[in-house]
Amino acid sequence: MSIICLHNWILPSVQCQDGSSFLKRASADKLREVFLRYASLQKDGDYYMTSEDFVRKFLGLFTDATFNDESVRLLASIADTSKDGLISFVEFQAFEGLLCTPDALYKTAFQLFDRQGNGTVSYADFVDIVQKTELHSKIPFNLDSSFIKRYFGEKKNRPINYAEFTQLLHDFHEEYAMEAFRSKDPAGSGYISPLDFQDIIVKVKRHLLTPVVKDNLVAVTEGHKVSFPYFIAFTSLLNNMELIKRIYLHAAQGNRHEPVTKDELLYAAQTMSQITPLEIDILFQLTGALHQTGRIVYNDLNNISPEHYTKHITTRLAEIKAVESPADRSALIQILESTYRFALGSLAGAVGATVVYPIDLVKTRMQNQRTGSFIGEIAYRNSWDCFKKVIRHEGVLGLYRGLLPQLMGVAPEKAIKLTVNDFVRDKFTDKQGVIAGWSEIMAGGCAGASQVVFTNPLEIVKIRLQVAGEIAGGAKVRALSVVRDLGLFGLYKGARACLLRDVPFSAIYFPAYAHTKSLFADEDGYNHPLTLLAAGAIAGVPAASLVTPADVIKTRLQVVARSGQTTYTGVWDATKKIMAEEGPRAFWKGTAARVFRSSPQFGVTLVTYELLQRLFYVDFGGSHPSGSVVNKPNVIDDTAQKFNPDHIGGYRAAVPLLNGIESKFGLYLPRFGRGTTSTSTTTGS
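These numbers come from a predicted model, not from an experiment.

Draft legend 1. The overall build of the chain, seen in detail. Scanning the chain for helices and strands turns up 27 helices and eight strands. Of all 685 residues assigned to the chain, the portion counted as buried reaches 55%. Counted over contacts in the chain with a minimum sequence separation of 6, partners at least 24 positions apart contribute 72%. As displayed, the chain offers around 30,000 Å² of accessible surface, 59% of which is attributable to carbon and sulfur atoms.

Given below as structure tokens:
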């Protein structure tokens, strides 16, 4: 098992090694405090958890009133190593440690089968658990078969240890599928009917089925009998979907939105001996049931791929479901979605602006420094020199001169930019989650244009406050007085230059961010917050540097020219005069400071924006930032239960792991009382 540990922001799934553990252990004192909160039985002065205390109250599984008592006792026995029906604190603490190990899933399954608690699994132990599963009640397995004898011996008296058990568990379901095929083909023809094929797959491979696969099991056969090779290839494909994803990414050169043909996938699969052409054929038959394009994208594989027993998910501070399904999205819901994004974008923009404001002040002063128009005006040799002189003459707070109006303006500015970009991208994204390159550029350009209504007034006030400190002994300039002096129309002075800068910036930035983020995502498409920060910063480098000339022109137009300085009447006039008086290099003044300001600012803004959407999750039936959660259909609901603050240390992974025993190994235990037909797909759902 691999576990993620991001300062308590992320629950199971990426490695965060701590000593020999892959999930940070909880302290003994905190574990004891949690244990005593749920332990209901006192015996000889010590407290114990009963099976119901542990499974139903602490873990939050089998909460129905008609729960299956025997299944609850079996799950509790995993932690109850003494097998006396009670869980002591020592056992509770020991199981927490087991959950922190890298092979916790197999060890948990082993302890389920180790009925005597002696570190081995006997034939009787194995049979006892298998006969209690739902699958065995539907398709009984021959527990006297040659397969069983190969593991437990001819007389079935050889116990198997943990390492041997892991291989048995791995092979058991493959053998189960083949035995089920033989039971449907008593004549040994090598063929079964489409309905028998469906029946076997639904019962034996239920833990590997997504809704898309389950609904199309008969359709992919096209009404023809299913041969044994086709049956084996089909089950092998379901088992190897993670490998198929790697082959796809190899064929698409890492681009999750690149459509790939069958021939391209076959060519990429040549290096993977486990994948056969027949499996590729079946894959395209399944995706053909979704769309008839003859190509697949990564999202198609997510629709087919079974759910993992662990899942990246941010601990949500709030979770609201605004609609039951995307079909319920009304105009009002879409307005609420945009309002939600606007609010989070405002907060994210304010955080990003505050972090990089000192760099922005240095950038502005460097760009306003002129050569050739005012004798002796060279105040700063470079950006570092400017930074030091501001601190020396104006103090540390001088680096934040003009921050308040910046925050008042940057909140709606960044919010409208992020909201418009998301809105336009949503409109151009197809059902497969694919958006064309030109659509990404258009979405970014629209976002850049929309922000100017906020950006221009903000920029002109901010710039005049930032350069005010350059005049020694000058009167203190306040934001309100700048606004009064400029008036409504004056606040939009240089708006054309602002458009000239912001439209291409956003048209470059947002597509670059989306593709860089995709490249940094892991195999499941999940983005660690640090990869979001890196993607945001990297995308800002070309976007910020390439539009610096427009930023220089805008700055010159918006700054108040002092006595003896050149004045400009518009964009073209400023362009000509700067070129004539200072040369082409003047257009690139402050490029380094602009890149060092814009890159981290947008990196911080975007990571804050996306993490806020993860923390305050609202499902409007639309899209969510890619990489925020492993994008797989619900086969198991390993995170549906509300976050329990008492699940500390290894117990943060307990519920996903217990669900994993079912989802990975197909060992479904009855959820409801004996004699009740169960239709549940998980113990905890």
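Draft legend 2. Structural context of the nonpolar core. Within the largest apolar cluster, 107 residues are counted, with the highest numbers of intra-cluster contacts made by Phe 54, Phe 92, Phe 113, Phe 234 and Tyr 248. At eight residues, helix H9 (residues 162-184) tops the list of elements feeding residues into this core. Discounting residues that sit within four places of it in the chain, Phe 234 has contacts with Phe 197, Ile 201, Val 213, Leu 217, Val 220, Ile 282 and Leu 286. Counting residues in each nonpolar core, the second largest holds 29 residues, with Ile 416, Tyr 509, Ala 535 and Leu 612 among its members.

Draft legend 3. Region of the structure containing the packing of aromatic side chains. This structure, assessed with the given rule, holds 37 aromatic pairs. Look at Tyr 248 and Tyr 298: their rings are 5.9 Å apart centre to centre, the planes differ by 50°, and that puts the pair in the tilted class. In this pair, Tyr 248 sits in helix H13 (residues 241-251) while Tyr 298 sits in helix H16 (residues 298-304), placing the two residues 50 residues apart along the sequence. Ring centres of Tyr 509 and Tyr 513 lie 6.2 Å apart, and the angle between their planes is 5°; on these two criteria the pair is classed as stacked.

Draft legend 4. Looking closely at the environment of Lys 214. Relative to the helices and strands, Lys 214 resides in helix H11 (residues 211-215). In this structure, the C-alpha to C-alpha distance between Lys 214 and Ile 304, residues 90 residues apart in sequence, is 9.4 Å. If near-sequence neighbours (up to four positions away) are discounted, Lys 214 is found in contact with Gln 198, Val 202 and Leu 209.

Draft legend 5. Fine view of helix H23 (residues 529-546). In this model, H23 (18 residues) spans 27 Å end to end at C-alpha, consistent with the 26 Å of a helix rising 1.5 Å per residue. Most pronounced at Gly 540, the bend in H23 amounts to some 30°, and the proline Pro 542 follows within four residues. Those residues of H23 lying buried are Pro 529, Thr 531, Leu 532, Ala 535, Gly 536, Ala 539, Gly 540, Ala 543, Ala 544 and Ser 545.

Draft legend 6. Fine view of helix H26 (residues 591-615). Over its 25 residues, H26 extends 35 Å from the first C-alpha to the last, a length consistent with the 36 Å expected when each residue adds 1.5 Å. Within H26, 22 of the 25 residues are buried, which leaves it mostly tucked inside the rest of the structure.

Draft legend 7. Inspection of the confidence of the model for the chain at higher detail. On average, residues of the chain carry a pLDDT of 80, and 83% of them reach 70 or more. Counting interchain partners and residues more than four positions distant, the pLDDT-below-50 stretch residues 1-21 has 73 contacts.

Draft legend 8. Main features of the packing of helix H10 (residues 194-204) against helix H12 (residues 228-239). Close contact between H10 and H12 brings their axes to 12 Å; oriented N to C, the two are set at 30°. Compared by their axis directions, H10 and H12 come out roughly parallel. Two packed elements cross with a definite hand, and for H10 against H12 that hand is right-handed. Contacts between H10 and H12 pair Phe 197, Ile 200 and Ile 201 from the former with Tyr 230, Phe 231, Phe 234 and Thr 235 from the latter. For the contact of H10 with H12, the per-class residue count stands at six nonpolar, one polar and no charged.

Draft legend 9. Broad picture of the packing of helix H2 (residues 51-58) against helix H3 (residues 69-76). At their nearest, the axes of H2 and H3 sit 8 Å apart, and the two run at 95° to each other. With respect to each other, H2 and H3 are oriented roughly perpendicular. When H2 is examined against H3, the residues Ser 51, Glu 52, Phe 54, Val 55 and Arg 56 are found in contact with a partner set consisting of Asp 69, Val 72, Arg 73, Leu 75 and Ala 76. The residue inventory of the contact of H2 with H3, partitioned by class, reads five nonpolar, one polar and four charged.

Draft legend 10. Representation of the side chain of Gln 613 within the structure. One can find Gln 613 in helix H26. With residues up to four places along the chain from it excluded, the contact list for Gln 613 reads Tyr 340, Leu 344 and Pro 625.

Draft legend 11. Structural view of the pattern of salt bridges. This structure, assessed with the given rule, holds 30 salt bridges. As a salt-bridge pair, Lys 132 and Asp 128 come within 2.4 Å of each other at their nearest N and O atoms. Between Arg 501 and Asp 551 there is a salt bridge, with its nearest N and O atoms 2.7 Å apart. Residue Arg 501 is found in helix H22 (residues 495-520), and its partner Asp 551 is found in helix H24 (residues 548-558); the two are separated by 50 residues along the sequence. The same class applies to Arg 501 as to Asp 551, namely buried. Each of Glu 70, Arg 115, Asp 128 and Lys 132 takes part in one network of salt bridges that share partners.

Thresholds, definitions, all that
- Within each chain, residues carry numbers counting from 1 in the order of the written sequence.
- Predicted model: local features are reported for residues with pLDDT of at least 70 only, side-chain atom pairs are reported and counted for 80 or more only, and whole-chain, interface and lining totals are derived from all residues.
- The side-chain values count all of the structure's non-hydrogen atoms but skip hydrogen atoms and water molecules.
- To qualify as a helix, a DSSP run of H or I must reach at least 4 residues; to qualify as a strand, a run of E must reach at least 2; elements of each kind are numbered from the N terminus.
- Type-normalised accessible area, obtained with a 1.4 Å probe on protein chains alone, sets the label of each residue: buried when under 20%, exposed when over 50%, and partly exposed for intermediate values.
- Contact definition: two residues touch when any of their heavy atoms are within 4.5 Å.
- In these tables, accessible area is a Shrake-Rupley quantity obtained with a 1.4 Å probe, and a residue counts as shielded only by the protein chains included in the view.
- Residues belong to a common nonpolar core when they are buried Ala, Val, Leu, Ile, Met, Phe, Trp, Tyr or Cys residues joined through side-chain atoms within 4.5 Å.
- Aromatic contacts are taken between Phe, Tyr and Trp rings whose centres are within 6.5 Å, Trp giving its six-membered ring; a plane angle under 30 degrees counts as stacked, one over 60 as edge-to-face, and the others as tilted.
- For a helix, the expected span equals 1.5 Å multiplied by the residue count minus one.
- Bend at a given residue is defined as the angle between two axes, one fitted to the seven residues that end at that position and one fitted to the seven that begin there.
- Confidence of the prediction at every residue is given by pLDDT, a number between 0 and 100.
- To define axes, lines are fitted to C-alpha atoms, for helices over the stretch in contact only, and angles between the resulting N-to-C directions are given on a 0 to 180 degree scale.
- Note that the term roughly parallel is reserved for angles under 35 degrees, roughly antiparallel for angles over 145, roughly perpendicular for angles of 65 to 115, and oblique for everything else.
- What makes a crossing left-handed is the near helix being turned counterclockwise from the far one by less than a right angle; a clockwise turn instead makes it right-handed.
- For this classification, Asp, Glu, Lys and Arg are treated as charged, while Ala, Val, Leu, Ile, Met, Phe, Trp, Tyr, Cys and Pro are nonpolar and the rest, including Gly, are polar.
- One side-chain nitrogen of Lys or Arg within 4 Å of one carboxyl oxygen of Asp or Glu is enough to make a salt bridge.

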